[in-house]
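A look at the structure
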Amino acid sequence: MANIRQLDKRRKSVRNIRKITRTMELIATARFKKAMDRAAAATDYTKRITQIVQDLAKSGTDVSHPLLQAHSEVKAVDMLVLTANRGLCGGYNGSVVRVAVQRRNEIKEQAEAGQTSVSGKRGISAFRFAGVPVEKTYSEFDDQPSFDAVARIADELITRYITGQVDRVDVAYTRFVSSSKQIPTVETLLPFAGIEVLSSNSASNSTPSISTPSNSSDKTSTEKKLRDDYEFLPSAAGILEEVVPASFRARLFKCFLDAAVSEQIARMVAMKSATENAGDLIKSLSRTFNRARQSKITQEIMEIIGGVEALG
Amino acid sequence: MSSGTGVHCVVVTPEKTELDTHCDSLILPLFDGELGILPGRSPMVGRLGFGLMKLKGAGKVEEWFVDGGFVQVTREAVYILTDRLLKPNQIDRATAEADLKKASEIRPATPEAFALRDRALAQARAKLRVGT
């Protein structure tokens, strides 16, 4: 008796959970699309910056900037960890925290000083649990990080790097490769490597991080023949002075966008399997419930028959 | 930029392409003063300062605040790369004032730090000047 009621109750609660996980999956899908669109819209800027850098490189400018120069002695290493504000997204937060803590232990062997900053409530509590001191925390970044907020962090890092307070900046985040592949990675952002890569393979006209449609690269190569003589105001070097911090800010922003997209995908996948699991559970609970009900009915009939026989 | 009658003006921020429009001419705040661009301008790359960008077209002048960045004039279009594109009334004066105060309190020791401070000062002052 009690068993049947319990089974029914359990089945009901699993049904409710399935409803919730399915809704979360749908929300994550919608947010993923939005985050993906934002990430796609952001590539315009990187493409144009790349174009300017190529034009600068062609004009024979010596590419040098304090952000590009590695400091001779690495004493202080800053680290920025990008996690989610919310859970229920599978191994997303855990894997970023894992690579971050691992890198942090490696850093500790080489350098003593340096700040660790964590974005996302999940990462903050994970670091607190691990007993890792964290200097700065951010929890304002959701599925649509704003450039303004990211630029503030970037400017701070630039100041710290140029004034020599820090000798290297690492960022731990989930890199978005494709919608079926995201890798938790730790990348060194400063000294900045983006520009050198661009200038060395300027002929190929694209970086691995920017996906250019194949027809547009042909078009730009013909365009380039037409426009060879740019006028630089104030000078090529003066423009470079601004290009490097600008592309650093864009690069950091890309990290935040990647993290946001990856989070939504992770949540989508986690919720999808949760919904499926709940479905399986309901199936097996229903089977047990039906069996229990049937055996109860059978037992009652037997009792009635037994009673009739006793009377007769 | 084409030698046609108008200027194709594209404003790109790190978030998205904010503006893609045609106008008769435009005035940009460069690092050391204003630069006017008319149809058929020869190719150039310039560093932008902080200030008002004016788009002239159809008897109207449209004003935008640009927050540093670059301008690239090509044969096809004028590309403006800036961190933020705001209408003058969207500027947050309180934040700008706080930034100005913070920047003026910096005591730079190296030439690089000086440059960083000057940039922050110029940015905050331009915002206060343009903001309504």
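**Brief notes about the overall build of chain A**
Tallying secondary structure elements over chain A gives 7 helices and 6 strands in all. A total of 312 residues make up chain A; the buried ones form 35% of that total. In chain A, of all internal contacts separated by at least 6 residues, the share reaching a separation of at least 24 is 80%.

**Looking at helix α4 (residues 147–162) of chain A**
The first and last C-alpha atoms of α4 of chain A sit 22 Å apart over 16 residues, in line with the 22 Å expected at 1.5 Å per residue. Along α4 of chain A, the residues that are buried comprise F147, V150, A151, A154, L157, I158, Y161 and I162 of chain A. All buried residues of α4 of chain A fall inside an arc of 125 degrees around its axis, so they share one side. The elements touched by buried residues of α4 of chain A are β1 (77–82), β4 (168–178), β5 (181–190) and α7 (236–311) of chain A together with α2 (111–130) of chain B. After α4 of chain A finishes, the residue G164 of chain A shows a positive phi value of roughly 80 degrees.

**With respect to the interface of chain A and chain B**
Listed by partner, the interface residues are 30 residues for chain A and 27 residues for chain B. Among the secondary structure elements, those contributing two or more residues to the side of chain A that touches chain B are α1 (2–58), α4, β6 (231–233) and α7 of chain A. Among the elements that line the side of chain A that touches chain B, the one with the most residues is α1 of chain A, at 8 residues. Looking at side-chain class alone, the side of chain A that touches chain B contains 18 nonpolar, 3 polar and 9 charged residues.

**Let's talk about the confidence of the model for chain B**
The predicted structure's coordinates, where accompanied by low pLDDT, should not be read in detail. Residues and elements named next belong to chain B. On average, chain B scores 87 in pLDDT, and the residues at 70 or more come to 97%. When mean pLDDT is taken per element in chain B, strand β7 (residues 78–81) scores highest with 93 and α2 scores lowest with 86. Prediction confidence for the complex, expressed as pTM and ipTM, is 0.84 and 0.84 respectively.

**Quick word on the nonpolar core**
If you look at the biggest cluster of nonpolar residues, it comprises 93 residues, and the most contacted ones within it are L82 and F256 of chain A. In terms of residue count, α7 of chain A provides more of this core than any other element does, 21 residues in total. Structurally, this core is a two-domain feature, drawing no fewer than three residues from each of domain 1 (7–86) and domain 2 (92–130) of chain B. Those residues in contact with L82 of chain A that sit more than four places away from it in its chain are V96, S119, G120, V171, A172, Y173, C255, F256 and A259 of chain A.

**Some thoughts on the pairing of strand β1 (residues 7–12) of chain B**
Residues and elements named next belong to chain B. Pairing analysis gives 6 bridges linking β1 to strand β2 (residues 17–23), with the strands arranged antiparallel. Residue V12 lies in a different strand from β2, and its bridge partner there is T17. The antiparallel hairpin formed by β1 and β2 contains 4 residues in its connecting segment.

**Remarks on the environment of Y138 of chain A**
Residue and element names in this part refer to chain A. Here Y138 lies in strand β3 (residues 136–138). Classification of Y138 by C-beta neighbours within 10 Å gives buried; the count is 20. Placed 15 residues apart in sequence, Y138 and I153 show a C-alpha to C-alpha distance of 9.9 Å.

**Description of the packing of helix α2 (residues 92–110) of chain A against helix α3 (residues 121–130) of chain A**
All names here are of chain A. For the pair α2 and α3, interaxial distance at closest approach is 10 Å and the crossing angle is 50 degrees. Taken together, the axes of α2 and α3 are oblique relative to one another. Considering how the two elements wind past one another, α2 and α3 form a crossing that is right-handed. Where α2 abuts α3, its residues N93, V96, V97 and V101 lie against R122, G123, A126 and A130. Per-class residue counts for the contact of α2 with α3 are 5 nonpolar, 2 polar and 1 charged.

Conventions used here
Residues numbered from 1 in each chain as written. Chains lettered and ligands numbered in written order. Predicted model: local features only at pLDDT ≥ 70, side-chain atom pairs only at ≥ 80, totals over all residues. Helix = DSSP H or I, 4+ residues; strand = E, 2+ residues; numbered from the N terminus. Buried ≥ 20, exposed ≤ 12 C-beta atoms within 10 Å, placed from the backbone. Contact = placed C-beta atoms within 7 Å. Expected span 1.5 Å × (residues − 1). Arc of directions from axis to C-beta. Nonpolar A, V, L, I, M, F, W, Y, C, P; charged D, E, K, R; others polar. pLDDT = per-residue confidence, 0-100. Core = buried A, V, L, I, M, F, W, Y, C linked by C-beta atoms within 7 Å. Domains from an automatic or database assignment. Pairing = 2+ DSSP bridges. Axes fitted to C-alpha atoms, helices over the stretch in contact; angles between N-to-C directions. Parallel < 35°, antiparallel > 145°, perpendicular 65-115°, else oblique. Left-handed = near helix turned anticlockwise from the far one by under 90°.

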